[in-house]
Amino acid sequence: MKIDATASLRVWAVTVELAGHSYRIPPRPAAAWLGAIASTNLARIVPGMIEDVEAGEDLLDALLAGELPVAEWHDAARDAIATVTGMKWWTASRLTYYLLDSWSVLGGAVLARGLDPSIAPVGAVLTLTYRILLENCKDETERRKLDLELDKPPTGIPISEMYDPKQAAANFMSLAGAPQ
């Protein structure tokens, strides 16, 4: 599974593009992001987490009035999830669901390793969650199955969103036996 390590290094601000404007989501710790992602209500992210409350309300009004396409709004929220977690939005969503659904086990393991979701970056919390899941796989087959389950795009996702040209080139070079 591909994870951008930068997302795990600190709590970052995120800028989203929507309706021809840029909106800033201020730096927020994992706890805020996990709750928003788990809700499956993308409005909790955009416009809900946007720094300028009035601009967020204007976006919501535009959405309700049909002036802002729902797909564009969803794309902005999903881009924010991908940016702040360092992974595909659907992978981050699944890891979030696993973590919160099994909090007594996974959450306890995250906390036991010293990562506090009230201050840690969401990218770090989800990366550790992934690591804990991998450690609990009995063999390489289970690890591959986990990766496939996490990376499987939801139905209806366009190929352009699934395809990463850099990763495809690296995969090809790896299959060709080239050093990386």
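Please refer to the structure higher up on the page.
Residues numbered from 1 in each chain as written. Predicted model: local features only at pLDDT ≥ 70, side-chain atom pairs only at ≥ 80, totals over all residues. Heavy atoms only, no water.

**Section: the overall build of the protein**
And then number 1: When you go through the protein residue by residue, the secondary structure sums to ten helices and two strands.
And then number 2: For the protein, the residues scored as buried account for 36% of the 180 residues in total.
And then number 3: Considering only intrachain contacts with a sequence separation of at least 6, the fraction spanning at least 24 residues in the protein is 64%.
And then number 4: Approximately 10200 Å² of the protein is accessible, and the part contributed by carbon and sulfur atoms is 56%. (Helix = DSSP H or I, 4+ residues; strand = E, 2+ residues; numbered from the N terminus. Buried < 20%, exposed > 50% of the residue type's maximum accessible area, 1.4 Å probe, protein only. Contact = heavy atoms within 4.5 Å. Areas by Shrake-Rupley, 256 points an atom, 1.4 Å probe, with all protein chains shown as cover.)

**Description of the pairing of strand 2 (residues 21-25)**
And then number 1: Pairing geometry for strand 1 (residues 14-18) and strand 2, over five bridges, is antiparallel. Note that in strand 2 the partner of valine 14 across the bridge is isoleucine 25.
And then number 2: Between strand 1 and strand 2, which pair antiparallel and follow one another directly, the connecting turn spans two residues, one of which, alanine 19, has a positive phi of 55°. (Pairing = 2+ DSSP bridges.)

**Observations regarding the environment of tryptophan 12**
And then number 1: Positionally, tryptophan 12 belongs in the loop between helix 1 (6-9) and strand 1.
And then number 2: Overall, the relative accessible area of 29% leaves tryptophan 12 in the partly exposed class.
And then number 3: Taking C-alpha positions, tryptophan 12 is 9.9 Å from threonine 85, a pair spaced 73 residues apart along the chain.
And then number 4: Apart from residues lying up to four places away in sequence, tryptophan 12 is in contact with Thr6, Ala7, Pro26, Pro27 and Arg28.
And then number 5: A polar side-chain atom of tryptophan 12 sits 2.9 Å from the main-chain carbonyl oxygen of threonine 6.
And then number 6: Within the structure, the side chain of tryptophan 12 is placed 3.1 Å from the backbone oxygen of arginine 10, a separation counted as a polar contact. (Polar contact = N/O pair within 3.5 Å; in protein donor to acceptor, adjacent residues only side chain to side chain.)

**A word on helix 6 (residues 103-112)**
Working note: α-helix, 3.6 residues per turn, so residues spaced by three or four point in the same direction.
And then number 1: Those residues of helix 6 that fall on the buried side of the exposure criterion are Leu106, Gly107 and Val110. For helix 6, the angular spread of buried residues about the axis comes to 90°, placing them on one side. What points out from helix 6, more than 90 degrees from its buried face, is the exposed set Ser104, Val105 and Ala112.
And then number 2: Those residues of helix 6 that are buried lie in contact with helix 5 (89-101) and helix 7 (122-135). (Arc of directions from axis to C-beta.)

**Things to note about the environment of tyrosine 23**
And then number 1: Tracing the sequence through the fold places tyrosine 23 in strand 2.
And then number 2: Judged by its relative accessible area of 13%, tyrosine 23 is buried.
And then number 3: C-alpha separation for the pair tyrosine 23 and isoleucine 50, spaced 27 residues apart in sequence, amounts to 6.5 Å.
And then number 4: Residues contacting tyrosine 23, with those up to four places away along its chain left out, are Val14, Thr15, Val16, Leu18, Ile50, Ala55 and Leu59.

Note that every value here comes from positions in space, so none of it alone points to a role or purpose.
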